[in-house]
Amino acid sequence: MAINKEKYLEIQERMGDKATLVAVSKFKPLEDIQVLYDMGHRDFGENFVQELVMKYEALPKDIRWHFIGHLQSNKVKYIAPFVHLIHGVDTEKLLLEINKQGAKINRVIDCLLQVHIAEEDTKFGFSEEELEMLLQKLAAEGTLTHVHIRGLMGMASFTEDQQKISNEFRHLKKVFDKTQSALDRAPSSFNINSTGMSADYELALAEGSTMTRIGSLLFGQRDAAK
């Protein structure tokens, strides 16, 4: 399927300057990414380290690459030199490894902390209490010299119950606002509340999302067998 240019323009108009669209390009060929790039898009998201590295090497260097998958600590070193934003950091161990790899190359790496907002056990993330404790600990220790926590992200339950999804997004926004207020730094340095995908991005925008991850609406359905 070719890129749905009309849908892309529609989504961008819907978002305006309220949110950033991350085009999820996993399993998609370089040519499809290039089409969106030629339309002026720069934020792309990948789930797998090897595929991300390959695409980074093959495509224009002003692309802002987002890692949106479940990142293993031993893979951080491969994307540390160029990744724009690591979504879904869900353990202190991973956060410290990102900091370690950033220090090796003298680069501060932007990250989002994942908060568990769904009822499904298959979703990852910190609880609200764990998040508060982690941030207090990190502030006291001052060890994250090469990590910049830019905000939070969360994934809603896989359900057709739109009210349930909206409630989960609304909960994350409350956690985001509380966390932003508690941090002793400029709000502009902690300003990403990332929720919403192809099926629910409009609900996410209505509940204060500032970054959405959209793939199938732009690229079509993926072949999971690849």
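This structure is a prediction, so every number in the text was calculated from the model and none was measured.

### Overview of the overall build of the protein chain
Helix and strand counts for the protein chain stand at nine helices and eight strands. Relative to the globule expectation of 17 Å for 226 residues, the C-alpha radius of gyration of the protein chain, 17 Å, shows essentially globular dimensions. For the protein chain, the spread of C-alpha atoms along the three principal axes comes to 50 × 45 × 35 Å. Counting all 226 residues of the protein chain, 49% fall into the buried class. Roughly 11,300 Å² of accessible area belongs to the protein chain as shown, and the carbon and sulfur atoms make up 50% of that amount.

### Some points on the pattern of salt bridges
Oppositely charged side chains may form a pair once their charged atoms are brought near each other. In the structure shown here, the tally under the stated rule is 13 salt bridges. D62 is paired through a salt bridge with R42; the nearest N and O atoms lie 3.1 Å apart. Here R42 lies in the loop between α2 (30-38) and β2 (43-46) and D62 lies in the loop between α3 (49-58) and β3 (64-67), a separation of 20 residues in the sequence. Here D62 falls in the partly exposed class, since its relative accessible area comes to 41%. Here D110 ties to R150 by a salt bridge, and the two come within 3.4 Å at their closest N and O atoms.

### Points about the packing of aromatic side chains
Each pair of aromatic rings is reported with the distance of its centres and the angle of its planes. Applying the stated criterion across every chain, the model contains four aromatic pairs. Note on F44 and W65: the rings are 6.0 Å apart at their centroids and 45° apart in plane angle, and the pair reads as tilted. Placement of the pair is F44 in strand β2 and W65 in strand β3, with a sequence separation of 21 residues. There is no split in this pair, since F44 and W65 are both buried. Measuring from centroid to centroid gives 3.9 Å for Y56 and F82, while their planes differ by 10°, and the two rings are stacked.

### Section: helix α6 (residues 128-141)
In a regular helix each residue adds 1.5 Å, so 14 residues correspond to 20 Å; α6 covers 20 Å between its end C-alpha atoms and thus fits that length. Here α6 has its buried residues at L131, L134, L135 and L138. The arc enclosing the buried residues of α6, seen along the axis, measures out at 95°, which places them on a common side. The exposed residues of α6 that point more than 90 degrees off its buried face are E129, M133 and A140. Contact partners of the buried residues in α6: α5 (92-104), β5 (109-114), β6 (147-153) and α7 (162-182). Backbone geometry just after α6 places G142 at a positive phi near 60°.

### Description of the pairing of strand β1 (residues 20-24)
By the criterion of burial, β1 is predominantly enclosed, with four of the five residues buried. Looking at chain direction, β1 and strand β8 (residues 211-214) are connected through four bridges and run parallel. Looking across to β8, one finds that V22 is bridged to R213. Sheet topology places β1 next to β2; two bridges connect them, and they run parallel. Each residue of the ladder has a partner; that of V24, found in β2, is G45. Taking the sense of rotation as the criterion, the β-α-β connection linking β1, α2 and β2 turns out right-handed.

### A look at the layout of surface pockets
For the second largest pocket, the calculated volume is near 450 Å³. What lines the second largest pocket is a set of 19 residues, and nearest its centre among them are L135, Q136, A139, T179 and L183. When contributions to the lining of the second largest pocket are tallied by element, the ones reaching two or more residues are α6, β6 and α7. With seven residues, α6 is the single largest residue contributor to the lining of the second largest pocket. Each residue belonging to the lining of the second largest pocket can be placed in one class, and the counts come to ten nonpolar, four polar and five charged.

### Side note on the environment of G142
Locating G142 in the fold gives a position in the loop between α6 and β6. Classification of G142 by relative accessible area gives partly exposed; the value is 49%. As for G142 and Q163, which are separated by 21 residues in sequence, their C-alpha atoms are 40 Å apart.

Rules of the game
- Residues take numbers from 1 onward in each chain, read along the sequence in its written order.
- In keeping with the model being predicted, local features are shown solely for residues with a pLDDT of at least 70 and side-chain atom pairs are shown and tallied solely at 80 or more, while totals for entire chains, interfaces and linings include all residues.
- Hydrogen atoms and water are omitted, and side-chain values are computed over all heavy atoms in the structure.
- Each helix is a run of DSSP H or I of at least 4 residues and each strand a run of E of at least 2, with the numbering of both proceeding from the N terminus.
- Only the C-alpha atoms count toward the radius of gyration. The rule for a globule is 2.2 Å times the residue count to the power 0.38.
- Using a 1.4 Å probe on the protein chains alone, a residue whose accessible area is under 20% of its type maximum counts as buried, one over 50% counts as exposed, and one in between counts as partly exposed.
- Method for areas: the Shrake-Rupley scheme with a 1.4 Å probe, in which residue coverage is limited to the protein chains shown.
- Salt bridge, as applied in this entry: a Lys or Arg side-chain nitrogen positioned within 4 Å of an Asp or Glu carboxyl oxygen.
- Working definition: a ring pair exists when centres of Phe, Tyr or Trp rings (six-membered ring for Trp) sit within 6.5 Å. Plane angles under 30 degrees give stacked, over 60 give edge-to-face, the rest tilted.
- One less than the number of residues in a helix, times 1.5 Å, gives the span that helix is expected to have.
- Picture the helix axis, draw a direction to every C-beta atom, and the arc is the one those directions span.
- Contacts are residue-level and defined by heavy atoms, with any inter-residue pair within 4.5 Å sufficient.
- When DSSP finds two or more bridges between two strands, those strands count as paired.
- Assignment of crossover handedness uses the view with strands pointing away from the viewer, where a clockwise path from the first strand over the helix to the second indicates a right-handed crossover.
- Cavity: a set of points on a 1 Å grid over the protein atoms alone where a 1.4 Å probe fits but cannot get out. Pocket: an open set with protein on both sides within 12 Å along at least five of seven lines, its lining residues, like those of a cavity, having an atom within 4 Å of a point.
- Grid points are joined across faces, edges and corners, and a volume is the space filled by probe spheres set on the points.
- Throughout, the ten residues Ala, Val, Leu, Ile, Met, Phe, Trp, Tyr, Cys and Pro are labelled nonpolar, Asp, Glu, Lys and Arg are labelled charged, and all others, Gly among them, are labelled polar.

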